[in-house]
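Residue-level structural notes
Listed below, chain by chain, are the residues.
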Amino acid sequence: MRYATEVMKNALYQSIIEEIEKLEADRPYCRHGMPHMMDVCRLAWILYLEETPERPESQERMEEMKDRLFVTGLLHDIGRASQYQTGEHHAAAGALLAEEILAQVGYPEAWKQETVSAIRAHCGRRGRGEHTMEAYINRADHLSRPCFCCKAAESCKWTPEERNGSLW
């Protein structure tokens, strides 16, 4: 996972993750630091493996998809620090930051638009059957939340219908 590794090593990425973790240190609700980013990466990959009806034929193509899903998962909430500091929605702020980080790591132009679009739109809800980067990231983001056992559920802004009520 060449590009995912480069994103994780990127100085700008590391500084933003560190800032998010500081800003959310006392947050009683879901957090958006590295553990969450990794959960989303792994869940998106599992969803892809389980739900993609026609998988790429080559091992090389499978590794490419894994790298792309992990890059998008690592970057999907990168705008959280901006949201806390300026009020700009994290998906919009994150798309701009992602473009900068992707350029720094030499991410292929052919993949960039899909990744940035998925980050920009990741706050929606997508159902089973959609086989797009955006759908995998949206669903993985939602599944990563343990709402069913959250101690802050009573004051959470998510409605009961929005909350993740199951393990899968």
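A short tour of the structure in this document, coming up. (Residues numbered from 1 in each chain as written. Predicted model: local features only at pLDDT ≥ 70, side-chain atom pairs only at ≥ 80, totals over all residues. Heavy atoms only, no water.)

1. As for the environment of Asp77
To be explicit about the condition: The way it works is that DSSP assigns letters per residue, a run of H or I at least four long becomes a helix, a run of E at least two long becomes a strand, and they are numbered from the N terminus. The criterion used for residue contact is that any of the two residues' heavy atoms lie within 4.5 Å. Whenever two N or O atoms come within 3.5 Å, that pair is a polar contact, provided that in protein one can donate a hydrogen and the other can accept it, and provided that, for residues adjacent in sequence, both atoms are side-chain atoms.
By the secondary structure assignment, Asp77 is in the loop between α4 (59-75) and α5 (80-86). It is 15 Å that separates the C-alpha atoms of Asp77 and Lys22, two residues lying 55 residues apart in sequence. In contact with Asp77, other than residues within four places in its own chain, are Ile20, His32, His36, Met37, His90, His122, Asp141 and Arg145. Within the structure, the side chain of Asp77 is placed 3.1 Å from the side chain of His36, a separation counted as a polar contact.

2. Side note on the layout of surface pockets
Where we set the bar: Space inside and on the surface of the protein is sampled on a 1 Å grid over the protein atoms alone, with a cavity defined as a set of points where a 1.4 Å probe fits but cannot get out and a pocket as an open set with protein on both sides within 12 Å along at least 5 of 7 lines; lining residues have an atom within 4 Å of a point. Grid points are joined across faces, edges and corners, and a volume is the space filled by probe spheres set on the points. Classes in brief: Ala, Val, Leu, Ile, Met, Phe, Trp, Tyr, Cys and Pro nonpolar; Asp, Glu, Lys and Arg charged; the others, Gly included, polar.
Of the pockets and cavities examined, the largest pocket occupies roughly 560 Å³. Along its surface, the largest pocket is lined by 26 residues, and Arg27, His32, Arg80, Lys157 and Trp158 are the ones closest to its centre. For the lining of the largest pocket, a count of residues per class yields nine nonpolar, eight polar and nine charged.

3. Details of helix α7 (residues 109-120)
Our working rule: The span you would expect from a helix comes to 1.5 Å times its residue count less one. Using a 1.4 Å probe on the protein chains alone, a residue whose accessible area is under 20% of its type maximum counts as buried, one over 50% counts as exposed, and one in between counts as partly exposed. This arc is built from the directions going out from the helix axis to the C-beta atoms.
Across its 12 residues, α7 extends 17 Å between first and last C-alpha, which sits within 8% of the 16 Å expected from 1.5 Å per residue. Within α7 the residues assigned to the buried category are Trp111, Lys112, Thr115, Val116, Ala118 and Ile119. With its buried residues spanning 160 degrees around the axis, α7 presents them on a single face. Looking at α7, the residues exposed on the side facing more than 90 degrees away from the buried face are Ala110 and Gln113. Those residues of α7 hidden inside the fold are in contact with α1 (2-9), α4, α6 (90-104) and α8 (133-143).

4. Here we look at the side chain of Asp77
The buried category is assigned to Asp77, whose relative accessible area is 0%. Of the polar contacts made by the side chain of Asp77, one reaches the side chain of His90; its length is 3.1 Å.

5. Concerning the state of the cysteines
Under the convention used in this document: Criterion for a disulfide: a pair of cysteine sulfur atoms within 2.5 Å.
Under the definition given, this model contains zero disulfides. Looking at Cys150, it has no disulfide partner, and the nearest cysteine sulfur is the one in Cys30, 5.8 Å off. Note on Cys150: relative accessible area 29%, which makes it partly exposed.

6. Things to note about the packing of aromatic side chains
We describe a pair of aromatic rings using the distance from one ring centre to the other and the angle between the two ring planes. Our working rule: Within 6.5 Å between ring centres, the rings of Phe, Tyr and Trp (the latter by its six-membered ring) count as paired, and their orientation is classed by plane angle as stacked under 30 degrees, edge-to-face over 60, tilted in between.
Evaluated as defined, the whole model comprises five aromatic pairs. The interplanar angle of 20 degrees and the centroid separation of 5.4 Å between the aromatic rings of Trp45 and Tyr48 together place this pair among those described as stacked. Taken as a pair, Trp45 and Tyr48 lie in helix α3 (residues 34-51) at a separation of three residues, close to a single helical turn. With centroids separated by 5.8 Å and ring planes inclined at 80 degrees, the aromatic side chains of Tyr48 and Tyr136 adopt a geometry described as edge-to-face. With Tyr48 in helix α3 and Tyr136 in helix α8, this residue pair connects regions lying 88 residues apart in the sequence. The exposure classification of Tyr48 matches that of Tyr136, with both residues buried. Ring pairs connect the aromatic residues Tyr3, Tyr107 and Trp111, which therefore count as one cluster.

7. Some remarks on the packing of α3 against α4
Selection criterion: Here an axis means a line fitted to C-alpha atoms, over the contact stretch when the element is a helix, while the angle between two N-to-C directions is reported on a 0 to 180 degree scale. Note on convention: the crossing is left-handed when the near helix lies turned anticlockwise from the far helix by less than a right angle, right-handed when the turn is clockwise.
Where α3 meets α4, the closest approach of the two axes is 8 Å, and the angle between their N-to-C directions is 145 degrees. Handedness of the α3/α4 crossing: right-handed. On α4, the residues that touch Met34, Met37, Met38, Val40, Cys41, Arg42, Ala44, Trp45, Tyr48 and Leu49 of α3 are Met62, Met65, Lys66, Leu69, Phe70, Gly73 and Leu74. When its residues are assigned to classes, the contact of α3 with α4 shows 14 nonpolar, one polar and two charged.

8. Here we look at the nonpolar core
What counts is decided by this rule: In this text, buried Ala, Val, Leu, Ile, Met, Phe, Trp, Tyr and Cys residues form a nonpolar core when linked through side-chain atoms within 4.5 Å.
Residues Val7, Tyr13, Leu69, Val71, Leu74 and Leu75 are the most contacted members of the largest nonpolar core, which totals 41 residues. Those elements that place two or more of their residues in this core are α1, α2 (11-23), α3, α4, α6, α7 and α8. Top contributing element to this core by residue count: α3, with nine residues. In this structure Leu74 touches Ala4, Val7, Met8, Tyr13, Met34, Met37, Met38 and Cys41, once residues within four positions along its chain are discounted.

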